[in-house]
Amino acid sequence: MQPLLSFSDVCYSYHTLKGEIPAIRNITFSLQEKEFLALVGPSGCGKSTLLNLTAGLLQPDSGQILYQGKPLTLCSFSTGYMLQKDHLLGWQTVLDNILLGPKIRGVPMDAAKKEALHMLEKYQLRRYAGVYPDQLSGGMRQRVALIRTMINAPSLLLLDEPFSALDYQTRLDVGNDICQIIRQENKTAILVTHDLAEAITLADHVLVLSKAPSHIAFDCLLNFAAPDLTPLDKRSQPEFQTYFNILWRHLHETDG
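Note that the coordinates shown come from a computational prediction; the quantities given were computed from them, not determined experimentally.

Undergrad: Can you tell me about the sheet that holds strand 5 (residues 70-71), naming the residues and giving the values?
TA: Across the sheet, which stays open at both edges, the four strands sit in the order 2-1-4-5 with antiparallel pairing between neighbours. Each edge of the sheet is formed by a strand with only one pairing partner; in this case those strands are strand 2 (19-31) and strand 5. For strand 4 (residues 62-67) and strand 5, the ladder comprises two bridges, and the chain directions are antiparallel. Across the sheet, residue tyrosine 67 finds its bridge partner in strand 5, namely lysine 70. Docked against the sheet, helix 1 (residues 47-54) engages strand 1 (5-16), strand 2 and strand 4, running at close to 115° with respect to strand 1.

Undergrad: Hey, could you go over the side chain of serine 6 for me, with residue numbers and the actual values?
TA: Among the secondary structure elements, serine 6 is positioned in strand 1. On the accessibility criterion, serine 6 (13% relative accessible area) is buried.

Undergrad: For the environment of serine 78, give the residues involved together with the corresponding values.
TA: The residue serine 78 is located in the loop between strand 5 and strand 6 (79-82) in this model. With 153 residues separating them in the primary sequence, serine 78 and proline 231 have C-alpha atoms 27 Å apart. Setting aside its immediate chain neighbours within four residues, serine 78 contacts Ala153, Pro154, Ser155 and Leu156.

Undergrad: I'd like a rundown of the packing of aromatic side chains, residues and numbers included.
TA: Tallied over the entire structure, the rule returns five aromatic pairs. Ring geometry for tyrosine 12 against tyrosine 14: centres 5.0 Å apart, planes inclined by 85°, an arrangement best described as edge-to-face. Judged by relative accessible area, which is 10%, tyrosine 12 ranks as buried. Judged by relative accessible area, which is 32%, tyrosine 14 ranks as partly exposed. With a centroid separation of 6.1 Å and an interplanar angle of 40°, the aromatic rings of phenylalanine 240 and phenylalanine 244 are classed as tilted. Within this pair, phenylalanine 240 and its partner phenylalanine 244 are both found in helix 9 (residues 238-254), separated by four residues, close to a single helical turn. Its relative accessible area of 22% is what places phenylalanine 244 among the partly exposed residues. An aromatic cluster of three or more residues is present, and its members are Phe240, Phe244 and Trp248.

Conventions we followed
- In this numbering scheme, every chain counts its residues from 1 along its sequence in written order.
- Local features in a predicted model are, by the rule used here, given only for residues with pLDDT of at least 70; side-chain atom pairs are given and counted only at 80 or more, and totals for whole chains, interfaces and linings are based on all residues.
- No hydrogens and no water enter the side-chain calculation; it runs on all heavy atoms of the structure.
- At least two bridges found by DSSP between two strands is the condition for calling them paired.
- Put simply, DSSP marks the helices as runs of H or I at least four residues long and the strands as runs of E at least two long, and each gets a number from the N terminus on.
- Residues are treated as being in contact if the distance between any of their heavy atoms lies within 4.5 Å.
- Here the axes come from fitting lines to C-alpha atoms, over the contacting stretch only for helices, and the angles between their N-to-C directions go from 0 to 180 degrees.
- Note on classification: 1.4 Å probe, protein chains only; a residue is buried when its accessible area is under 20% of the maximum for its type, exposed when over 50%, partly exposed between these limits.
- Two rings from Phe, Tyr or Trp (for Trp, the six-membered ring) form a pair when their centres sit within 6.5 Å of each other. Planes less than 30 degrees apart are called stacked, planes more than 60 degrees apart edge-to-face, and all others tilted.

Here it is in structure tokens:
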């Protein structure tokens, strides 16, 4: 089966007044449709650089990135990008924040509003449609940010540590909810995280990156015997500890 996305020997360096700073080297991997991939590695190893290359915001110095078998460009496909902060507009209601993308794209507002309200209802946020972001909890803001991203029907979701600003309990709850939303909507996703447990419980596939200039130090496909487990459920399964120990060892070997 042809992968949705593939990297082949991709290298990228940042160019500064002091010269080139290599970020990644010879990165090769593939991503299937509806797959959830997690990237873990030391700070500064190029995880966010990989997301920006995937989005077409950066172009590789060498190597090739293909989307559905064709060279990737900024306009190859639609991506949804979730960052560490939700970036909701404080002077706009929840509904208006969600409708920002469709307005920019020129989508008929009646249809977009109907879809936005449907998504808010589906994910238990309908009664907050008319409130402002500062009236929401951190977890609710991230759910709204995801709906704002999803309403644009992206082919691929890029998640750059979207739960890192949340407290531990909220992070568990929101990660669980957002993962289930992504799977219910049959979306393909790439998650950057420093949290191994989060990577194991949310993703189907984990790549461990070495310190910069990074390469793929370990490639791990995840397989839990019990089907249809939620991320929270996976934490109590025997496979969880096995995968955690394996990934922890490879992660610390790369940082040594």
